[in-house]
Every structure is written in structure tokens, then in C-alpha cells.
Amino acid sequence: LNQYPEYFIGTETRNTQIIIPDEPTLKMLNAALEMTTYLSNLSAYNKVKLLKESQVKAIFDATIIIGLENQFKNASFNELIRKSKVNDGLSLEIQPITLRQSTKNVLVVTGRDNAEFEKIGVLTEEAFIQQLYGSQLTISNMPIIKNRTDINLITFKNMGIPSITLSGEKMNSDTYSYYMP
């Protein structure tokens, strides 16, 4: 997972494909579209394609499979999903597959049920992507990102200074004094 997203960004010589079942659920389709958009925006060549399983002609080096167990008609895809399935949460796993004497790594995204695909932000938000490591990860609870727009802003409240209304009549407090014109 530490190769994500670099390995899955389409290049001039390598296409990326995201494969979903022929009849995806709405949440699954939304997750696939979110990933496709994210990876396409990173690719200068826009070589990221979202395909239904019946449209797949070959497995490329950079392939992502998104689905639930027994949703695919293709037995090989179902086997990859079954190997990655977890009891709770969204599962992300890099699995090697061997095709015609070559091994390719496929990212499999699956879960216990359809609601798990709402956690796809782990693969589309930079704060989470920077933390990806290893070849398998299960997301049980979606972490919350604090809004850090004020990262360089230091307020009196942050320093423990109470609110003071300044005026020409009150120019100091018990601790601080201020010059007011």
C-alpha cells in the first residue's frame, strides 16, 4: 500500500484500470468513481479507466478491483475478493496474481457489506494516503481529519489569555497592559 497512489497513476506506457461488478451497488459505484477521479487528476496522461467486469480484456500491472464477495460473475475476481474479505470494515489488500507466466499486483478493495465503501476516502484523501503502509489494511472506523486551516494562527485563547475588551477607558488588565491611542 505504500506504492499507492504512485503505482496506480496512469502513465504514457501504463494504463490503470478500476474494475467493478457488472451490477455494482450505488455506494460501490460512488467509491469507484471517487477513486477514478482522484487517480485521473494525478495522471498527466489520463490513463485511468473505470470498467465493468464484462468490459475487461486483460489485467494490467496497475489494476484495482472493487466489490463484494459473490458479486462478480468472474470466478477469479470472486476468489480475490474472498481472500481479502474481512468480518468488519473496509479491506485494502495488494494481492499478486499470475497470468501467462507474469505476476501482477492487484489492489483489492472489499468489505463485509455495501456500507464499507463509504470509507473510500482512505484512498482519496492525502492525509490518509501518507499513512498507508504494508500490503493489507482494514479500516473499521473512518478516522476524522481535524480542520487545520488555522495551522499558523496563534490566538490569545490558544495561549490561555482571557478575552479582554479594549477601550480608551480600560487600557490594561490584571496581567497585561495595552496602549490605546
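Right above here is the structure, for reference.
The rules behind the values
- Numbers given for residues are sequential positions, taken from 1 along each chain in its written order.
- Residues qualify for local features only when their pLDDT is at least 70, as the model is predicted, and side-chain atom pairs are given and counted only at 80 or more; totals for whole chains, interfaces and linings, by contrast, use all residues.
- To get the side-chain values, all heavy atoms of the structure are used, and hydrogens and water are removed first.
- Basic side-chain nitrogens of Lys or Arg form a salt bridge, by our definition, when they fall within 4 Å of a carboxyl oxygen of Asp or Glu.
- Runs of E in the DSSP output that reach at least two residues are strands. Runs of H or I that reach at least four are helices, and both are numbered from the N terminus.
- Only protein chains enter the accessibility calculation, which uses a 1.4 Å probe; a residue is then buried when its area is under 20% of its type maximum, exposed when over 50%, and partly exposed in between.
- Think of it this way: DSSP has to see at least two bridges between two strands before they count as a pair.
- Handedness of a crossover is defined as follows: with both strands directed away from the viewer, a clockwise route from the first strand across the helix to the second makes it right-handed.
- Pairing of aromatic side chains requires ring centres within 6.5 Å, counting the rings of Phe and Tyr and the six-membered ring of Trp. Pairs whose planes differ by under 30 degrees are stacked, by over 60 edge-to-face, and all others tilted.
- Contacts are assigned to residue pairs with any non-hydrogen atoms lying within 4.5 Å of each other.
- Axis definition: a line fitted to C-alpha atoms, over the contacting stretch in the case of helices. Angles run 0 to 180 degrees between N-to-C directions.
- Buried residues of nine kinds, namely Ala, Val, Leu, Ile, Met, Phe, Trp, Tyr and Cys, make up a nonpolar core once their side-chain atoms join them within 4.5 Å.

A. Main features of the pattern of salt bridges. Inspection of every chain in the model, using the stated rule, returns 7 salt bridges. Lysine 27 is paired through a salt bridge with glutamate 118; the nearest N and O atoms lie 2.8 Å apart. One end of the pair, lysine 27, is in helix α1 (residues 26-42); the other, glutamate 118, is in the loop between β5 (102-111) and α3 (126-129), with 91 residues separating them in the sequence.

B. Up close: the pairing of strand β3 (residues 62-66). Counted residue by residue, β3 has 5 buried out of 5 residues, so it is predominantly covered. Burial along β3 is two-sided: Ala62, Ile64 and Ile66 facing one way and Thr63 and Ile65 facing the other are all buried. Direction of pairing for strand β1 (residues 16-20) relative to β3: parallel, over a ladder of 4 bridges. Looking at β3, one finds that isoleucine 18 is bridged to isoleucine 64. Pairing of β3 with β5, which is carried by 4 bridges, proceeds in the parallel orientation. Considered in β5, the bridge of isoleucine 64 is made with leucine 107.

C. Representation of the pairing of strand β2 (residues 48-52). Here β1 runs beside β2; their pairing, made up of 5 bridges, is parallel. Bridging from a neighbouring strand, isoleucine 19 pairs with leucine 51 of β2. For the segment spanning β1, α1 and β2, crossover handedness is right-handed.

D. Here's a closer look at the packing of aromatic side chains. Per the counting criterion, the structure on display carries 3 aromatic pairs. Plain terms: the ring middles of phenylalanine 72 and phenylalanine 77 are 5.4 Å apart, the flat faces sit at 70° to each other, and that makes the pair edge-to-face. Phenylalanine 72 gets classed as buried once you look at its relative accessible area, which sits at 4%. The class of phenylalanine 77 is buried, set by a relative accessible area of 5%. Here the aromatic cluster, defined as three or more aromatic residues joined through ring pairs, consists of Tyr4, Tyr7 and Phe8.

E. Representation of the environment of leucine 51. By secondary structure assignment, the location of leucine 51 is in strand β2. By relative accessible area, which is 18% here, leucine 51 ends up buried. For the pair leucine 51 and isoleucine 20, spaced 31 residues apart in sequence, the C-alpha separation works out to 6.4 Å. The contacts of leucine 51, once residues within four sequence positions are left out, are Gln17, Ile18, Ile19, Ile20 and Val56.

F. Main features of the sheet that holds strand β4 (residues 90-99). Ordered in space as β2-β1-β3-β5-β4-β6, the 6 strands form an open sheet in which the pairing is mixed. Where the open sheet ends on each side, the last strands, each with one partner, are β2 and β6 (136-139). Geometrically, the sheet is characterised by an average inter-axis angle of 25° between neighbouring strands, direction not taken into account. Where α1 meets the sheet, its contacts fall on β1, β2 and β3, and the angle it forms with β2 comes to roughly 160°.

G. Region of the structure containing unusual backbone geometry. Cis geometry is found at the peptide bond from tyrosine 4 to proline 5, where omega equals 5°. Its place among the elements puts proline 5 in the segment before β1. Of note, asparagine 70 is a non-glycine position whose phi angle comes to about 65°, a positive value. In this structure, asparagine 70 sits in the loop between β3 and α2 (75-84). Note on asparagine 70: relative accessible area 64%, which makes it exposed.

H. Region of interest: the nonpolar core. Ranked by size, the top nonpolar core spans 30 residues in total, and within it Tyr4, Leu39, Ile64, Ile66, Leu107, Val109 and Leu123 carry the most contacts. For this core, the elements supplying multiple residues, two or more each, are β1, α1, β3, β4, β5 and α3. Looking at this core, the element that brings in the most residues is α1, giving 6 residues. Ignoring anything within four residues of it in the chain, the contact list for leucine 107 reads Leu1, Tyr4, Phe8, Thr63, Ile64, Ile65, Leu92, Glu93, Ile94 and Leu123. Formed by 12 residues, the second largest nonpolar core is a distinct cluster that contains Val56, Phe72, Ile81 and Val106.

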